[in-house]
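What follows is the residue order along each chain.
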Amino acid sequence: MPPLSDHLILTALLVLAASFTGAAAGFGSATVMMPVLSLFVPVPAALLFTGVIHLCGNLWKVILFRKGFSARLVLGFGIPGIAAGFAGASLAGVLPELPLKRILGIFLLGYVFFLLAKRNRTVPAPPPAPAGHRPVPPPPPRRHHARPRPPRH
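Cut-offs applied
- Residues numbered from 1 in each chain as written.
- Predicted model: local features only at pLDDT ≥ 70, side-chain atom pairs only at ≥ 80, totals over all residues.
- Heavy atoms only, no water.
- Helix = DSSP H or I, 4+ residues; strand = E, 2+ residues; numbered from the N terminus.
- Buried < 20%, exposed > 50% of the residue type's maximum accessible area, 1.4 Å probe, protein only.
- Contact = heavy atoms within 4.5 Å.
- Areas by Shrake-Rupley, 256 points an atom, 1.4 Å probe, with all protein chains shown as cover.
- Salt bridge = Lys/Arg side-chain N within 4 Å of Asp/Glu carboxyl O.
- Patch = residues over 30% accessible without salt bridge, like charges linked within 9 Å, V, L, I, M, F, W, Y side chains within 5 Å.

S.K.: What is the right way to read the overall build of the protein from this model?
M.R.: The number of helices and strands found in the protein is five helices and zero strands. Moving toward the C terminus, one meets the helices and strands of the protein in the order α-α-α-α-α. Of all 153 residues assigned to the protein, the portion counted as buried reaches 12%. Considering only intrachain contacts with a sequence separation of at least 6, the fraction spanning at least 24 residues in the protein is 46%. Counting every atom, the protein has about 13400 Å² of accessible surface; 72% of that belongs to carbon and sulfur.

What follows is the structure, encoded as C-alpha coordinates:
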(Lines give C-alpha, C1' and ligand atoms only; values in the text may rest on other atoms or scores of the structure.)
Protein backbone atom coordinates (compact mmCIF):
# COMPACT_ATOMS: atom_id res chain seq x y z
CA MET A 1 0.00 0.00 0.00
CA PRO A 2 1.56 3.35 -1.01
CA PRO A 3 2.06 5.95 1.73
CA LEU A 4 -0.54 8.69 1.98
CA SER A 5 0.60 12.06 0.77
CA ASP A 6 0.61 15.03 3.11
CA HIS A 7 -1.95 16.76 0.88
CA LEU A 8 -4.37 13.86 1.16
CA ILE A 9 -4.09 13.78 4.95
CA LEU A 10 -4.46 17.57 5.17
CA THR A 11 -7.46 17.45 2.82
CA ALA A 12 -9.12 14.73 4.90
CA LEU A 13 -8.58 16.76 8.09
CA LEU A 14 -9.98 19.84 6.36
CA VAL A 15 -13.09 17.99 5.24
CA LEU A 16 -13.57 16.63 8.76
CA ALA A 17 -13.18 20.10 10.32
CA ALA A 18 -15.48 21.67 7.73
CA SER A 19 -18.08 18.96 8.32
CA PHE A 20 -18.00 19.60 12.07
CA THR A 21 -18.34 23.32 11.41
CA GLY A 22 -21.26 22.72 9.09
CA ALA A 23 -22.94 20.36 11.53
CA ALA A 24 -22.53 22.72 14.47
CA ALA A 25 -23.60 25.86 12.62
CA GLY A 26 -26.03 24.28 10.18
CA PHE A 27 -24.10 25.72 7.24
CA GLY A 28 -20.60 26.71 6.28
CA SER A 29 -18.79 23.54 5.28
CA ALA A 30 -18.43 24.64 1.64
CA THR A 31 -17.41 28.12 2.78
CA VAL A 32 -14.43 26.53 4.53
CA MET A 33 -13.73 23.73 2.05
CA MET A 34 -13.71 25.56 -1.29
CA PRO A 35 -10.97 28.13 -0.64
CA VAL A 36 -8.66 25.66 1.06
CA LEU A 37 -9.25 22.82 -1.39
CA SER A 38 -8.53 25.20 -4.25
CA LEU A 39 -5.04 25.68 -2.79
CA PHE A 40 -4.25 21.99 -3.33
CA VAL A 41 -6.27 20.99 -6.38
CA PRO A 42 -7.60 22.82 -9.45
CA VAL A 43 -10.90 24.67 -8.92
CA PRO A 44 -12.95 22.19 -11.00
CA ALA A 45 -11.67 19.32 -8.84
CA ALA A 46 -12.36 21.33 -5.65
CA LEU A 47 -15.92 21.93 -6.87
CA LEU A 48 -16.30 18.22 -7.57
CA PHE A 49 -14.96 17.21 -4.14
CA THR A 50 -17.21 19.72 -2.39
CA GLY A 51 -20.22 18.56 -4.40
CA VAL A 52 -19.62 14.89 -3.61
CA ILE A 53 -19.17 15.66 0.09
CA HIS A 54 -22.40 17.68 0.12
CA LEU A 55 -24.29 14.98 -1.79
CA CYS A 56 -23.27 12.31 0.71
CA GLY A 57 -24.01 14.57 3.69
CA ASN A 58 -27.40 15.59 2.35
CA LEU A 59 -28.41 12.02 1.51
CA TRP A 60 -27.48 11.08 5.07
CA LYS A 61 -29.64 13.94 6.41
CA VAL A 62 -32.59 12.79 4.28
CA ILE A 63 -32.23 9.31 5.76
CA LEU A 64 -31.93 10.60 9.32
CA PHE A 65 -34.65 13.25 9.10
CA ARG A 66 -37.03 11.70 6.58
CA LYS A 67 -40.06 12.82 8.59
CA GLY A 68 -39.12 16.43 7.96
CA PHE A 69 -38.59 15.91 4.22
CA SER A 70 -40.37 18.58 2.17
CA ALA A 71 -40.93 18.14 -1.57
CA ARG A 72 -41.73 21.86 -1.79
CA LEU A 73 -38.32 22.70 -0.35
CA VAL A 74 -36.59 20.34 -2.79
CA LEU A 75 -38.43 21.91 -5.72
CA GLY A 76 -37.76 25.45 -4.50
CA PHE A 77 -34.08 25.08 -3.62
CA GLY A 78 -32.84 21.70 -4.82
CA ILE A 79 -33.76 21.89 -8.49
CA PRO A 80 -32.46 25.47 -8.96
CA GLY A 81 -29.34 24.50 -7.01
CA ILE A 82 -28.67 21.56 -9.30
CA ALA A 83 -29.14 23.79 -12.35
CA ALA A 84 -26.78 26.41 -10.92
CA GLY A 85 -24.29 23.66 -10.07
CA PHE A 86 -24.24 22.42 -13.64
CA ALA A 87 -23.86 25.99 -14.91
CA GLY A 88 -20.95 26.62 -12.54
CA ALA A 89 -19.31 23.31 -13.40
CA SER A 90 -19.50 24.08 -17.11
CA LEU A 91 -17.85 27.47 -16.48
CA ALA A 92 -15.15 25.80 -14.38
CA GLY A 93 -14.24 23.61 -17.34
CA VAL A 94 -13.98 26.56 -19.75
CA LEU A 95 -12.59 29.55 -17.81
CA PRO A 96 -8.99 29.83 -16.61
CA GLU A 97 -8.41 29.05 -12.94
CA LEU A 98 -7.28 32.49 -11.70
CA PRO A 99 -10.53 34.31 -12.61
CA LEU A 100 -12.51 31.49 -10.98
CA LYS A 101 -10.55 31.88 -7.75
CA ARG A 102 -11.13 35.63 -7.81
CA ILE A 103 -14.87 35.19 -8.44
CA LEU A 104 -15.01 32.68 -5.58
CA GLY A 105 -13.13 35.09 -3.28
CA ILE A 106 -15.44 37.99 -4.16
CA PHE A 107 -18.49 35.80 -3.61
CA LEU A 108 -17.24 34.59 -0.22
CA LEU A 109 -16.39 38.13 0.92
CA GLY A 110 -19.85 39.28 -0.14
CA TYR A 111 -21.36 36.36 1.73
CA VAL A 112 -19.45 37.28 4.90
CA PHE A 113 -20.57 40.92 4.66
CA PHE A 114 -24.16 39.75 4.10
CA LEU A 115 -24.00 37.57 7.22
CA LEU A 116 -22.50 40.39 9.27
CA ALA A 117 -25.17 42.83 8.08
CA LYS A 118 -27.98 40.41 8.98
CA ARG A 119 -26.68 39.48 12.43
CA ASN A 120 -29.88 40.44 14.24
CA ARG A 121 -32.14 38.13 12.27
CA THR A 122 -34.69 36.09 14.16
CA VAL A 123 -35.67 32.56 13.38
CA PRO A 124 -39.42 32.13 12.91
CA ALA A 125 -41.25 29.86 15.33
CA PRO A 126 -41.95 26.36 14.03
CA PRO A 127 -45.49 25.61 12.85
CA PRO A 128 -47.82 24.00 15.38
CA ALA A 129 -47.76 20.22 15.59
CA PRO A 130 -50.46 18.38 13.60
CA ALA A 131 -53.51 17.15 15.51
CA GLY A 132 -52.76 13.99 17.44
CA HIS A 133 -49.02 14.68 17.73
CA ARG A 134 -47.46 15.78 20.96
CA PRO A 135 -44.81 18.46 20.57
CA VAL A 136 -41.40 17.57 21.91
CA PRO A 137 -40.88 19.45 25.19
CA PRO A 138 -37.80 21.64 25.50
CA PRO A 139 -34.88 20.19 27.41
CA PRO A 140 -34.74 20.97 31.13
CA PRO A 141 -32.54 23.91 32.12
CA ARG A 142 -28.94 23.11 32.90
CA ARG A 143 -27.99 23.09 36.52
CA HIS A 144 -24.51 24.18 37.37
CA HIS A 145 -22.97 22.21 40.17
CA ALA A 146 -20.96 24.91 41.83
CA ARG A 147 -19.28 24.44 45.17
CA PRO A 148 -21.39 25.78 48.02
CA ARG A 149 -20.29 29.14 49.32
CA PRO A 150 -19.11 29.35 52.87
CA PRO A 151 -21.52 31.15 55.20
CA ARG A 152 -20.91 34.86 55.71
CA HIS A 153 -20.05 36.02 59.21
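There's plenty left to go through after this.
S.K.: What's the story with the pattern of salt bridges in this structure? I'm lost.
M.R.: Side chains that differ in sign of charge can pair as their charged atoms come close. Applying the stated rule across the entire model yields one salt bridge. Notably, a salt bridge pairs Lys101 with Glu97, separated by 3.5 Å at the nearest N-O pair. With a gap of four residues between them, Lys101 and Glu97 both fall in helix 5 (residues 97-117), about one helical turn apart. Classification of Lys101 by relative accessible area gives partly exposed; the value is 30%. Here Glu97 falls in the partly exposed class, since its relative accessible area comes to 31%.

S.K.: Is there a simple way to think about a nonpolar patch on the surface in this case?
M.R.: Among the surface-exposed residues, Val62, Phe69, Val74, Leu75, Ile79, Ile82 and Phe86 lie close enough to one another that they form a single nonpolar patch of about 700 Å² accessible area. Residue position: Val62 is located in helix 3 (residues 43-64). You can call Val62 partly exposed: its relative accessible area is 39%.

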